[in-house]
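One-letter residues, chain by chain:
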Amino acid sequence: MKKENSILRRVFEHKYFTLVLVLILIFIVFGIITGGIMFNPINIRNILNLTTITAILTCGQACVMITGEIDLSCGAVGTCGGVALGWAVTNWGLPWWVGILFGCVVGLAFGAVNALLVNQFKMESFISGIALYSVAKGLGYTFAGSIGIALTDSVLKTIGSAKIGKAIPVSVIISIAIFIIYGIILSTTKIGRKMFILGGNRTATRLVGLNPTRISYFAFMNCGLCSALAGMMYACRVFNATATGISSEQFIGVECCMLGGIMFGGGSGGMVGAFLGMMIINVFNNGLSLTGVDPYWQVACSGIILVAAMLIDFLNKKRQNKLMIAKMNAER
Amino acid sequence: MEQYLEFQNIGKTFPGVQALKDVSFRMDGGKIVALMGENGAGKSTLLKILSGEINDYEGKVLINGVEHHFSTPKDAINASISVIYQERQLVSQMNVMENIFMEDLPGGKFGMVNMNQLKKRTQELIDLFGINIRPTDTVGTLSVAYQQMVEIMKSYRRDSHIIAFDEPTAPLTDTEIDILFRLIKQLRDEGKIVIYVSHRMNEIFRITDEVVIMKDGRFVDKVATAETTEAELIKKMVGRDIGDTYAGLKRNEHLGDVFLELKNVTTDYVSDISLTLRKGEVLGLAGLAGAGRTETARAIFGADPIISGKMIYNGQEFRPKSPKDAIDKGIALCPEDRKEQGLILNMSICKNVSAPVLNKVSTMGAFVSRKEESAVAEKAVETYAIKTPTIDKITKELSGGNQQKVILGRWMSDKVDTKLLILDEPTKGIDVGAKAEVYRMICEFARQGIGVILISSELTEVINLCDNIIVLHNGHITGELRREEATEENVLTLAMKD
């Protein structure tokens with residue numbers, strides 16, 4: 001009896017308990033409202049299919065947020081990456097893989113500039129991100145023009161729409177794989193640990209002999225790279241490198257991370273939380289679509305769910321803090 | 001009407017520390033009363049009680065015979081008390097008049113501020129004190145001294161009868177001090193109660209009428225300034241019996257060769273620092289807060305760049321460009337502020353201990369080996385008797401003493417080859433038991449041949465643990481004392497030498 005109690009308790013006190021509960025609740029509620037369509041395997045595949053771009057953006061943003069900064073340029077930088085790919089392949093006639101490399105270089109360059117502004121010129125990443133967002137957006141418009149650059153390369157087209165065994169889209173596998181890879185990076189590698197240390201205490205980072213600037217460059221350039229990959233993925237999916245691309249997605253990564261417990265200020269959270277956060281947003285949006293809610297209302301609703309989730313998390317933290325203080329007093 | 005302020009049996013306990021104990025004395029209006037004592041004597045705690053920042057204490061505060069208990073700083077202000085701290089409480093983007101009348105702006109029509117009135121009243125104050133500033137000057141553009149004047153005018157405007165200054169001259173130049181003293185005397189001549197906290201002996205004799213001496217949270221004596229001497233004051237500030245915390249310590253008696261030498265090292269914060277350190281030696285850096293002790297340590301550790309001068313380490317000239325450079329050569333620093341600079345509070349003991357040795361506990365060059373990392377952390381927990389159920393406990397949840405031991409464990413694990421250990425205020429805010437353990441460890445490190453630099457504001461620590469003591473003041477070395485010359489009087493005399 002007692003043992004069961006303690007297992008239950010551990011489940012309750014687990015940091016992802018609230019997130020999993022919310023995810024399951026949303027899933028069930030919409031399942032009932034839609035009369036079961038929500039649970040249909042095809043629908044589940046659709047949910048996952050939509051996540052690829054979000055997943056890549058979330059992983060990039062997660063690293064930056066863990067170091068205590070934020071990258072608000074990611075959407076527009078992604079668009080630029082897509083345009084760079086289109087420009088290289090369609091306008092210059094280069095092979096598809098060179099185009100992808102070129103897109104990656106553009107993303108890395110934006111990340112490096114962002115890191116430069118934040119680390120060397122001590123700018124708030126919030127500001128530098130907004131500035132670079134505008135720069136990247138403008139460049140996207142300039143080079144893509146109003147109709148965008150059509151992607152005709154067959155390999156690129158396949159990347160956007162390939163399926164394994166007729167059922168599982170390649171993009172779903174990419175989403176899952178990227179979460180696993182970043183999960184491993186953050187929890188087991190040195191650079192992952194260093195990012196947590198930097199976000200936890202920048203002064204201490206330097207005083208234990210680590211190089212805060214170098215770690216920060218890694219996080220920002222990684223985010224630039226992820227953004228570019230996401231932008232190229234989008235361009236491949238619609239067969240066109242458009243001027244708007246994924247520019248409107250600059251907040252989605254931040255939302256997923258924050259829902260998943262990667263807080264502003266850095267040093268906390270992990271990929272499991274970010275994944276759950278992303279799934280909550282996607283399942284919720286999918287549910288709204290299925291019930292036929294007006295798309296504009298959907299946008300408003302996703303803001304509301306973010307606030308609601310943060311509120312639950314806030315209350316949960318407050319409770320845990322109380323428990324911690326009580327425990328310390330008891331020890332004394 | 002003669003004004004007076006009286007403290008009756010004031011006591012205050014912080015977790016683990018008795019900051020004030022049974023303090024009773026009286027101060028009269030029309031006199032400047034100095035409050036003196038070593039760091040930790042209880043002066044600031046007393047000021048905080050007076051300013052309403054601390055509201056749970058024992059005993060009574062009486063003003064003109066009436067008991068007052070201030071729950072908030074606002075209560076104290078309403079009872080016409082002003083405490084002027086070293087860190088000025090001004091809004092630097094606003095101008096002089098807005099700062100002076102901050103919480104009591106003269107109103108005009110439609111809830112707007114009556115600017116003419118504001119300007120006129122401020123100008124009256126400025127004229128009264130004879131200061132060369134305009135009401136519309138932005139406070140941030142004024143010199144530190146004038147900012148302080150603004151603060152004084154603010155308390156004057158509030159019609160404060162009791163005005164306390166906490167080390168007001170620290171950032172001022174000589175001419176600025178003259179202006180400040182003229183203002184303080186003006187306040188005194190109007191019959192106000194002026195409390196003056198300072199470490200500077202010459203100022204005490206120049207301006208104050210009476211001196212109240214405190215030590216270890218207790219009231220020692222109140223003397224008329226004219227009837228005392230510097231030596232007598234220092235004796236009263238120090239005269240305490242040293243507990244037997246130091247009695248059983250096995251100190252290292254065999255010093256090795258000199259392995260660190262600073263020759264006229266200058267950084268942005270300290271100048272002309274020269275010192276030597278032998279293997280197995282414990283070298284103390286003493287001085288008042290802000291004397292340049294921490295900054296000297298930071299220069300050696302590569303945290304502040306050395307502008308000129310030489311550092312010779314293990315026989316070679318070495319100028320660390322970053323803490324990493326220094327760490328690679330076996331120099332370690334346990335910083336002054338454990339929570340802000342030392343620990344990553346949200347991380348476990350294990351991850352805190354392994355932070356500087358990530359490269360040495362990794363596999364395949366990229367992954368952190370949980371097994372090796374745990375081994376290092378387990379050893380640290382065992383060696384330094386860190387009280388915790390597991391190495392995965394978050395360091396935020398540990399007591400101060402255990403947090404300090406985690407930092408010691410970080411630098412003294414067998415993965416780091418520390419040859420020079422710099423300890424900056426290692427016993428600050430930790431309890432007596434933990435202090436004794438830290439002392440024991442310091443002696444143990446010295447016996448292993450490690451050179452230790454100990455920075456501490458507790459004079460007894462420096463005197464009882466160090467083989468040599470270097471005393472600093474205002475970023476300069478004012479003297480060096482060998483173990484047998486080290487007494488609290490000697491150290492304090494050098495620390496206050498101008």
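As shown above, the structure is provided for reference.
Residues take numbers from 1 onward in each chain, read along the sequence in its written order. Whichever chain is written first is A, and whichever ligand is written first is 1; the rest continue in order. Side-chain atom pairs in this predicted model are given and counted only at pLDDT of 80 or more, local residue features only at pLDDT of at least 70, and totals for whole chains, interfaces and linings cover all residues. Side-chain descriptors were evaluated using all non-hydrogen atoms of the structure, hydrogens and water having been removed beforehand.

Colleague: Looking at this structure, how should I read the overall build of chain B?
Modeller: Each helix is a run of H or I in the DSSP string that is no shorter than four residues. Each strand is a run of E no shorter than two, and both are numbered from the N terminus. Scanning chain B for helices and strands turns up 17 helices and 22 strands. Only C-alpha atoms enter the radius of gyration, while the globule expectation follows 2.2 Å times N to the 0.38, with N the number of residues. Here the C-alpha atoms of chain B give a radius of gyration of 26 Å, agreeing with the 23 Å that 2.2 N^0.38 yields for 498 residues. Structurally, chain B occupies a C-alpha span of about 75 × 55 × 45 Å along its principal axes. Contacts spanning at least 24 positions in sequence make up 65% of the contacts within chain B whose residues lie at least 6 apart. For chain B, the distance from the average site of its 62 positive side-chain charges to the average site of its 72 negative ones is 4 Å. Residue contacts are counted whenever heavy atoms from the two residues lie within 4.5 Å of one another. In this tally, Lys and Arg are treated as positive and Asp and Glu as negative; His is ignored, and so are the chain termini. A charge is said to be at NZ when it belongs to Lys, at CZ for Arg, at CG for Asp and at CD for Glu.

Colleague: Honestly, helix 2 (residues 17-33) of chain A in this entry has me stumped. Any pointers?
Modeller: An α-helix turns once per 3.6 residues; consequently, residues spaced three or four apart project the same way. Given a helix with a known number of residues, its expected span is that number minus one, times 1.5 Å. With 17 residues, helix 2 of chain A should cover 24 Å at 1.5 Å per step; its first-to-last C-alpha distance of 24 Å lies within 8% of that length. Positive phi shows up at Gly35 of chain A, right after helix 2 of chain A, with a value of about 65°.

Colleague: Before we go on, may I ask you to explain the environment of Ser322 of chain B in this structure?
Modeller: Residues and elements named next belong to chain B. Residue placement: Ser322 occurs in the loop between strand 15 (316-317) and helix 10 (323-328). Here's how the labels work: a residue is buried when its accessible area is under 20% of the maximum for its type, exposed when over 50%, partly exposed in between, all with a 1.4 Å probe on protein chains only. The class for Ser322 is partly exposed, based on a relative accessible area of 23%. Note: C-alpha distance between Ser322 and Asp209 (113 residues apart in sequence) is 49 Å. With near-sequence residues (within four places) excluded, Ser322 lies in contact with Phe301 and Gly302.

Colleague: Teacher, can you tell me more about the interface of chain A and chain B here?
Modeller: Interfaces are often described in size by the accessible area the parts lose on coming together. Of the residues lining the interface, 21 residues belong to chain A; the matching set on chain B comes to 33 residues. A quick way to say it: buried area is the sum, across both parts, of accessible area lost when two parts are put together, with a 1.4 Å probe. Interface area lost by chain A to chain B is led by Lys190, Arg193 and Leu207 of chain A, which between them contribute 32%. The term salt bridge refers to a side-chain nitrogen of Lys or Arg lying within 4 Å of a carboxyl oxygen of Asp or Glu. The interface formed by chain A and chain B contains one salt bridge. A salt bridge links Arg193 of chain A to Glu373 of chain B, with the nearest nitrogen and oxygen atoms 2.3 Å apart. Polar contacts, as counted here, are pairs of nitrogen or oxygen atoms within 3.5 Å of one another; within protein the pair requires one atom able to donate a hydrogen and one able to accept it, and residues that are adjacent in sequence qualify only if both atoms are side-chain atoms. The interface formed by chain A and chain B includes eight residue pairs in polar contact (both at pLDDT 80 or more). Secondary-structure elements contributing two or more residues to the side of chain A that touches chain B are helix 8 (170-188), helix 9 (190-200), helix 10 (202-207) and helix 14 (295-331) of chain A. Per-element accounting of the side of chain A that touches chain B gives the leading share, six residues, to helix 9 of chain A. Considered class by class, the residues forming the side of chain A that touches chain B number nine nonpolar, six polar and six charged. Amino acid classes used here: Ala, Val, Leu, Ile, Met, Phe, Trp, Tyr, Cys and Pro are nonpolar; Asp, Glu, Lys and Arg are charged; the rest, including Gly, are polar.

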